[in-house]
Structures are given as C-alpha cells and as structure tokens.
Amino acid sequence: VIVYGEAGAGKSRLGRELFFSLKPAPRLLLAPARLKNDPLPFQPIVDMLRRDIQAEEWKQMDRVWVTPLSLLLPELTIMRPEIQPPRVGQEQERSLIFEALRQLFLFIGKKQRYLLFLDNAQWSDAETFSALAYLIERGLAGESGALVLAARSEEPAPFLEDFLNRPRSAFTVQRFHLPPMDLEEIGTLTRYA
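Since this is a predicted model, take the numbers as computed values, not measurements.

Engineer: Would you explain the packing of helix 7 (residues 126–137) against helix 8 (residues 158–165) in this entry?
Structural biologist: A pair of packed helices is captured by two measures, namely the crossing angle of their axes and the spacing between those axes. Relative orientation of the contacting elements helix 7 and helix 8 amounts to 20 degrees, with a least axis distance of 9 Å. One way to sum up the angle between helix 7 and helix 8 is to call them roughly parallel. Both helix 7 and helix 8 take part in a crossing whose hand is right-handed. On helix 8, the residues that touch Ala126, Phe129, Leu132, Ala133 and Ile136 of helix 7 are Phe159, Leu160 and Phe163. Residues belonging to the contact of helix 7 with helix 8 are distributed by class as follows: eight nonpolar, no polar and no charged.

Engineer: I keep staring at the packing of aromatic side chains and nothing clicks. Help me out?
Structural biologist: The relative placement of two aromatic rings is captured by the distance of their centres and the angle of their planes. This model, assessed by the stated rule, comprises five aromatic pairs. Measuring from centroid to centroid gives 6.2 Å for Phe42 and Phe98, while their planes differ by 75 degrees, and the two rings are edge-to-face. In this pair, Phe42 sits in the loop between strand 2 (27–32) and helix 2 (43–52) while Phe98 sits in helix 6 (residues 90–111), placing the two residues 56 residues apart along the sequence. Of the two residues, Phe42 and Phe98, neither departs from the other in class, the shared state being buried. An aromatic cluster of at least three residues, connected via ring pairs, comprises Phe42, Phe98 and Tyr134. One Lys or Arg, Arg138, reaches over the ring of Tyr134 and ends 3.7 Å from the middle of that ring.

Engineer: How should I be thinking about the side chain of Gln122 in this particular structure?
Structural biologist: Checked against the element boundaries, Gln122 lands in the loop between strand 3 (114–119) and helix 7. Not counting residues within four places of it along the chain, the set of residues in contact with Gln122 comprises Ala150, Ala151, Arg152, Glu155, Pro156, Ala157 and Leu160.

Engineer: I tried to follow the environment of Arg87 on my own but got confused; where do I start?
Structural biologist: Within the secondary structure, Arg87 sits in the loop between helix 5 (76–79) and helix 6. On a C-alpha basis, the gap between Arg87 and Pro68 in space is 9.7 Å, while along the polypeptide they are 19 residues apart.

Engineer: What am I meant to see in the pairing of strand 1 (residues 2–5) here?
Structural biologist: Note on strand geometry: in a regular strand, side chains alternate between the two faces of the sheet. Of the two faces of strand 1, both are covered, the one formed by Ile2 and Tyr4 as well as the one formed by Val3 and Gly5. Relative to strand 4 (residues 145–152), strand 1 is paired through four bridges, and the arrangement is parallel. Across the sheet, the residue bridging to Val3 is Ala150, located in strand 4.

Engineer: Please explain helix 2 as it appears in this structure.
Structural biologist: Taken across its ten residues, helix 2 has eight buried, putting it largely inside the fold. Three or more residues of helix 2 are buried, namely Gln43, Pro44, Ile45, Val46, Asp47, Met48, Leu49 and Asp52. The secondary structure elements touched by the buried residues of helix 2 are strand 2, helix 3 (55–60), helix 6, strand 3 and helix 7.

Engineer: Where do I start with the nonpolar core in this structure?
Structural biologist: Taken as a class, soluble globular proteins show a tendency for nonpolar side chains to be buried jointly. Judged by nonpolar contacts, the single largest core of 44 residues is most densely connected at Leu49, Trp58, Leu116, Leu149, Leu160 and Phe163. In contact with Trp58, other than residues within four places in its own chain, are Leu49, Ile53, Val66, Leu69, Leu73, Leu76, Met79, Arg80 and Leu104. The next biggest cluster of nonpolar side chains, apart from the first, holds six residues, and it includes Leu18, Phe19, Leu115 and Phe117.

Engineer: Could you clarify how one ought to interpret the side chain of Gln103 in this entry?
Structural biologist: Structurally, Gln103 can be placed in helix 6. In this structure the side chain of Gln103 is engaged in a polar contact, spanning 2.8 Å, whose partner is the side chain of Glu99. Residue contacts for Gln103: discarding those within four places in its chain leaves Met61 and Trp65.

What counts and what doesn't
Residues numbered from 1 in each chain as written. Predicted model: local features only at pLDDT ≥ 70, side-chain atom pairs only at ≥ 80, totals over all residues. Heavy atoms only, no water. Axes fitted to C-alpha atoms, helices over the stretch in contact; angles between N-to-C directions. Helix = DSSP H or I, 4+ residues; strand = E, 2+ residues; numbered from the N terminus. Parallel < 35°, antiparallel > 145°, perpendicular 65-115°, else oblique. Left-handed = near helix turned anticlockwise from the far one by under 90°. Contact = heavy atoms within 4.5 Å. Nonpolar A, V, L, I, M, F, W, Y, C, P; charged D, E, K, R; others polar. Phe/Tyr/Trp six-rings, centres within 6.5 Å; stacked < 30°, edge-to-face > 60°. Buried < 20%, exposed > 50% of the residue type's maximum accessible area, 1.4 Å probe, protein only. Lys NZ or Arg CZ within 6 Å of the ring centre and 35° of its normal. Pairing = 2+ DSSP bridges. Core = buried A, V, L, I, M, F, W, Y, C linked by side-chain atoms within 4.5 Å. Polar contact = N/O pair within 3.5 Å; in protein donor to acceptor, adjacent residues only side chain to side chain.

Structure, rendered in structure tokens:
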C-alpha cells in the first residue's frame with residue numbers, strides 16, 4: 001500500500017495508528033528515507049537493519065545469508081568474525097544482497113508477522129526500490145508481512161514512480177491519496193484498515 005499526502009497530512013501518523021490497531025501487533029520494521037542531494041544506495045534499508053534487527057537474530061541467521069548483508073552493514077564482520085564480505089562483481093553483489101534480504105524477511109516472518117514501513121518514500125534511492133520490487137515479487141507482502149509506503153504528493157519522486165509503474169504480475173499496489181486529517185479522523189480511518 002502507498003499513502004500519498006502533503007507534508008503534515010498525517011501519513012506517518014496513519015502508519016503508526018495502523019500498526020497499533022493490528023491484533024496481535026506485528027513487528028514494526030521502520031525504513032525512513034532522508035532528504036539528501038545524492039542518496040546513498042539502500043540507505044532506508046540499512047537504517048532499518050541497524051535499528052530493528054537484533055544482535056541475537058544476526059547470530060542465529062545462517063552465515064550464508066548474513067555474509068552478503070555485511071556489504072550493507074560492515075559491523076556484521078565484527079559480530080560474526082567467521083564471515084568475510086564476498087568478492088564478486090557489482091551485478092552479482094546486488095543479486096546476493098536482494099536474496100539475503102529475502103532470506104532475512106523469511107527468517108523474521110517465521111517468528112512474527114511484520115509491517116515494513118518506508119517513510120518519506122519520495123526520497124528513497126533506486127536500489128532501495130529495486131530491492132523492494134525483488135522482495136514483493138517473491139512474497140514479502142503476504143501472510144507473514146506487509147509493506148506500507150508513505151510519500152509526499154507535492155514532491156517529484158522519479159524512482160518511486162518507476163517502482164509503482166513497473167510491469168508486474170506478482171503484486172498490485174493500492175494507492176491512497178490522503179487529504180490533511182486531524183487525529184480523530186486518522187483514528188477513524190485506521191479502524192477500517
């Protein structure tokens with residue numbers, strides 16, 4: 001699901017209310033995009049991995065899948081000294097990262113349902129959207145998890161539009177355009193989500 005609205009319309013608040021309204025509560029995985037002139041590849045995903053994946057989970061996860069993710073999180077080589085970042089070409093590196101992310105979400109989904117929330121999606125980079133497309137086409141949003149994107153409607157977002165308009169057969173995108181709402185309206189809307 002993608003929620004569009006002007007800055008301050010309540011998109012992030014709606015995501016928060018949705019999360020708290022779900023019973024049992026899923027695990028929240030927050031991937032915030034940040035405004036930068038030259039966004040770093042995978043930055044929202046990197047921030048989410050650093051904040052929301054616990055050290056114990058990194059230790060439990062199979063080394064085969066933690067190894068490619070050390071390209072995004074070099075600190076994993078300290079936590080798991082037995083891994084060395086793979087030395088492969090850029091395209092193969094990207095494929096390994098995408099599949100390692102998929103394996104991570106499968107690992108998380110075995111324990112608890114999750115809600116992946118990409119906030120300020122309009123500022124995300126092309127690599128983040130490529131990874132999300134890969135994950136969604138392989139079942140990221142299903143029984144174990146859901147993906148919600150929030151984006152400002154007044155800002156151009158070419159990578160986001162490319163992601164939303166790409167040909168696909170495995171998933172559809174629900175778009176919501178959110179007018180500015182007060183807290184009561186947000187609460188009412190989430191009860192119907």
